[in-house]
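Architecture at a glance
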Protein chains: 2
Amino acid sequence: MNFLEERIVKDGIIKSGNVLKVDSFLNHQMDISLMEEIGREFKRRFAHKTIDKVITIEASGIGIAAFVAKEFGVPLVFAKKSKSINIDGDMYVAEVESFTHKNKNQVIVSKRFLHEGEHILIVDDFLANGCALQGLISITESAGAVVEGCGIVIEKGFQFGGRVIRNMGYHVESLAIVDAMDAESGKITFRAQD
Amino acid sequence: MNFLEERIVKDGIIKSGNVLKVDSFLNHQMDISLMEEIGREFKRRFAHKTIDKVITIEASGIGIAAFVAKEFGVPLVFAKKSKSINIDGDMYVAEVESFTHKNKNQVIVSKRFLHEGEHILIVDDFLANGCALQGLISITESAGAVVEGCGIVIEKGFQFGGRVIRNMGYHVESLAIVDAMDAESGKITFRAQD
């Protein structure tokens, strides 16, 4: 097991309905040392790529992606959910369905922060059905920028998002891929990775 | 002018309705070097305080507060807007009105992540009418934890939030206090600080 899988086993809580709670260290309370380690690990996994910018989606992706951007020495752009009066009309938009909240959001990035030919690393905390990730890919490509890869902290391998996006040819790296989990026994099975 | 005031003059955009857009470096695209500098500056301003935890509110506070928490070597907890099915019933709740979005949100923190006697530094990107900050103060004190201070990146000094909260006896440090700004001329006036 790698450092993240060990942490999930130690502090993650499996709930019925295939919910994995990692709110004690990842998406409500954040262990900053772990964030830094995640940043370094994505830098290692995408070391051969030129990255101009990291992109994520609010809210829980921001803390993680900030430390990834730090490792690459590039800016972070976070896509926003729903229209804010502080955002100009001139933006890229994708529609994203949330597995957690059971609703649809418009996800937007200002055209001022994504440009043709830029090399983009997309980062997010979870990959399940892949809607959020597909939204970020769509926004990136609308700008004429290049998706160099997708860095995911926890992938639910028993849902289809990861497979669909890899089949589309994208380079997806997930630090932990959960192939099965059982709320009753608390048992969790990770996919073996190199 | 300090480093942040200089950056606001350089890249901030003043819009009518007292809107200061800092989305090119703070709350849509994030300059990570600037976040690190902000983290170091809050560490300097609250150096004499014992801090056990940093608390902020999603979304744009997270990236900033993460680097503050890093400087103090403590966890970050971010309050969530609206109820998520991934959050237990057992939580602290405050009602917060958003100046930007013109709506009200329930803001929640799980009781598992805030404890009696903990020393808390509250961090947020903006302070205007003070609603978000008062919500975070209320949540912290509901837990019996101690508000050691409030670290704000940009305070709108011409709104009343900062004055009210300082008058309540809280130690508020704002890296830039905007006392006046004019959309037509683009002129911005900062309050002098030591």
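Figured I'd write up the structure that's included with this text. (Residues numbered from 1 in each chain as written. Chains lettered and ligands numbered in written order. Predicted model: local features only at pLDDT ≥ 70, side-chain atom pairs only at ≥ 80, totals over all residues.)

Bringing the pairing of strand β9 (residues 146-156) of chain B into the picture now. All names here are of chain B. Most of β9 sits out of view: nine of its 11 residues are buried. Pairing between strand β8 (residues 119-127) and β9: eight bridges, direction parallel. The residue of β9 that forms the bridge with Asp124 is Ile152. Sheet topology note: the β9/strand β10 (residues 172-181) ladder contains six bridges and is parallel. Residue pairing for β10: Lys156 is matched across the bridge by Val178. (Buried ≥ 20, exposed ≤ 12 C-beta atoms within 10 Å, placed from the backbone. Helix = DSSP H or I, 4+ residues; strand = E, 2+ residues; numbered from the N terminus. Pairing = 2+ DSSP bridges.)

What follows is about the nonpolar core. Ranked by internal contacts, the top residues of the largest apolar core, which has 130 residues, are Val54(A) and Val54(B). With sequence-adjacent residues up to four places away left out, Val54(B) is seen in contact with Ala65(B), Val68(B), Ala69(B), Phe72(B), Val74(B), Leu76(B), Leu121(B) and Val123(B). (Core = buried A, V, L, I, M, F, W, Y, C linked by C-beta atoms within 7 Å. Contact = placed C-beta atoms within 7 Å.)

Moving on to the relation of the copies chain B and chain A. Each of the two copies of the chain can be brought onto the other by a rotation about an axis and a shift along it. When chain B is brought onto chain A, the operation consists of a screw motion whose angular component is 180° and whose axial shift is 0.0 Å, with 0.0 Å RMSD remaining. Taken together, the turn and the small shift mark the pair as related by a two-fold rotation axis. Interface residue correspondence from chain B to chain A reaches 100%, placing this contact among same-surface, isologous pairings. (Least-squares fit on C-alpha atoms with pLDDT ≥ 70 in both.)

Contact residues are listed per partner, giving 30 residues for chain B and 30 residues for chain A. Mapped onto the side of chain B that touches chain A, the elements with two or more residues apiece are β2 (19-21), β3 (29-30), α2 (32-45), α3 (61-72) and β5 (76-81) of chain B. The residue makeup of the side of chain B that touches chain A, split by class, is 14 nonpolar, nine polar and seven charged. (Nonpolar A, V, L, I, M, F, W, Y, C, P; charged D, E, K, R; others polar.)

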